[in-house]
Amino acid sequence: MNEDVIAIAGRVQRGETTAVAVAEHALGRIDAMNGELNAFLTVAREEVLEQARAIDAKRARGEALGPLAGVPIALKDALCTRGVRTTCGSKILEHWVPPYDATVVTKLRQADALLPGKTNMDEFAMGSSNESSAFGPVKNPRDLARAPGGSSGGSAVAVAAGMTPAALGSDTGGSIRQPASFTGTVGVKPTYGRVSRFGLVAFASSLDQIGPFATDVRGAARVLSVIAGKDERDMTCLAAPADDFEGACGASVKGLRIGVPEEYFAKGLDPEVEASVRAAIARLEADGCIVKKVHLAHTRHAVATYYVLATAEASSNLARFDGVRYGLRVEPDRRAAGSGVGAAPTKSALRAMYGATRDAGFGAEVKRRILLGTFVLSAGYYDAYYLKAQKVRTLIRRDFDAAFGEVDAIVCPTAPTPAFLLGEKTSDPLSMYLSDVYTLPASLAGLPAISVPCAPTAAGLPVGLQIIAPALREATMFTLASAWEGSTRS
Ligand code: GLN
């Protein structure tokens, strides 16, 4: 009985099943599979059953239920949940329990969703394989030796393994789309500003966006319509009214112009991924789309640009984890810090405490990024790296502006390869960073993009088709994605 979002909400709204039955089913799946997959870091058993009972009681009183009535939605552990620990995949927040909910969590609760727990992720969302989590990697249910992608790997796997029909992740440079591609699920990164970031632990604030995973396109559209919209508590959140995302699914694609960027079909692209993506494009053409070649000339600079800007922002955002305000505190050896036992804390003792806490609390990848980011922001290097990267970001955005003068959407692979093996890239950070090459440009340009499964490889590994739309045109993206999904089912 692993149904999709729309089916579950409908059955709970009509009283054909209860929210408690759905919650128990999800908990049963999680209990049976999580030992092997490591997708959930925290299972909120009591909390989700309580939510379910409240939803059933609401229905019994004759009140109308919300659009996600009784739908279990897993939450990436970067999203603050009141009373439920939020680790962000890091030792430094291992025991941190937020005093408030992220805005998206509040909105899910108001829509009568069920929130069964928090999912594993790369530490502070830095990674593409889930291997930088302080709590062990997540395994890909399609092949347990392979990575699920990252950084929202736990959320992708919760959906891929049928533990929950939908989940939320966050995407800074591909962290929703790439794991969706690796696990055969649908993943959406909305336009920057479409969804409030209030209560999302910040990584790179000019890029971070929250978005849904789901088993199908329509389910993802419904979840996005619930979490989208203005929020006074996030000044970057846009006032734009949410379109009818669900209504856009199933609309005709006839006459839609889709652009195929030459730069995305270059060296490094796995031939089976290319064949699968090209077959999907041919099918959209057969369904009435007009296919055009487009150029995104600065694509090759996206990886370098992103890893300068994202690390710079991260080094600043992560300064708050100092052993004073949040989570872990490690007291250094007092003598080494220069003050005797019992002496009043000195400035150097405070500095030593910061250092000991951050050294013990952060993993290797997070430390690498803080060092890189601090370097590119430092006097003497700021102009050469940070400022230069900002300028290249503008060029990348202009490439898209020009392309969208000719086409309604861009279609391309989500990732250059199918899921790679766990351990395959951990000793070579650069090769790990290169796996983000097709997701980073849309992030840098703030554009909405979706990954939707296309034909798997001969070995049965999932492949993702990425559809990128102009800012705030998620509706176009949903129309194309649902047309493609429909053609794979007919
Ligand atoms: N893989 C990219 C990184 O490591 C993107 C991560 C993300 O989107 N959070 O930074």
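Thresholds applied
Residues numbered from 1 in each chain as written. Predicted model: local features only at pLDDT ≥ 70, side-chain atom pairs only at ≥ 80, totals over all residues. Heavy atoms only, no water. Helix = DSSP H or I, 4+ residues; strand = E, 2+ residues; numbered from the N terminus. Rg over C-alpha atoms; globule rule 2.2 N^0.38 Å. Buried < 20%, exposed > 50% of the residue type's maximum accessible area, 1.4 Å probe, protein only. Contact = heavy atoms within 4.5 Å. Areas by Shrake-Rupley, 256 points an atom, 1.4 Å probe, with all protein chains shown as cover. Lys, Arg positive; Asp, Glu negative; His and termini not counted. Charge placed at Lys NZ, Arg CZ, Asp CG, Glu CD. Phe/Tyr/Trp six-rings, centres within 6.5 Å; stacked < 30°, edge-to-face > 60°. Pairing = 2+ DSSP bridges. Axes fitted to C-alpha atoms, helices over the stretch in contact; angles between N-to-C directions.

Here we take up the overall build of the protein. When helices and strands are tallied, the protein shows 17 helices and eleven strands. Here the C-alpha radius of gyration of the protein, 22 Å, is about what a compact globule of 490 residues would show, namely 23 Å. Across its three principal directions, the C-alpha atoms of the protein cover 75 × 60 × 45 Å. Relative to its full complement of 490 residues, the protein shows a buried share of 59%. Contacts spanning at least 24 positions in sequence make up 77% of the contacts within the protein whose residues lie at least 6 apart. Within the structure as shown, the protein displays about 18,400 Å² of accessible surface, and the carbon and sulfur contribution to it stands at 54%. Within the protein, the 51 negative side-chain charges are centred at a point lying 4 Å from the centre of the 53 positive side-chain charges.

Attention now goes to the packing of aromatic side chains. On inspection of all chains with the given rule, the structure shows 15 aromatic pairs. Ring geometry for Tyr100 against Phe198: centres 5.3 Å apart, planes inclined by 35 degrees, an arrangement best described as tilted. Of this pair, Tyr100 sits in the loop between β2 (73–76) and α4 (103–110) while Phe198 sits in the loop between β5 (186–189) and β6 (209–214), placing them 98 residues apart in sequence. Residue classification places Tyr100 among the partly exposed positions, given a relative accessible area of 33%. Under the relative-accessibility criterion, Phe198 is labelled partly exposed at 22%. Each member of the aromatic cluster is reached from another via a ring pair, and the members are Trp96, Phe124, Phe321, Tyr326 and Phe362.

With that settled, the discussion passes to the sheet that holds β2. Read across the sheet, eleven strands follow the order β1-β3-β2-β4-β6-β5-β10-β11-β9-β7-β8 without closing on themselves; strand pairing throughout is mixed. In this open sheet, the two edge strands, each paired with only one partner strand, are β1 (40–43) and β8 (290–294). Ignoring strand direction, the axes of neighbouring strands in this sheet form an average angle of 25 degrees. Of the strand pairs in this sheet, β5 and strand β10 (residues 449–454) are connected by three bridges, and their pairing is antiparallel. Paired with Gly187 across the strands is Ser451, a residue of β10. The strands touched by α4 are β2, β4 (166–171) and β6; relative to β2, the strand with the most contacts, the crossing angle is about 170 degrees.

Any functional reading would require information that these geometric values do not contain.
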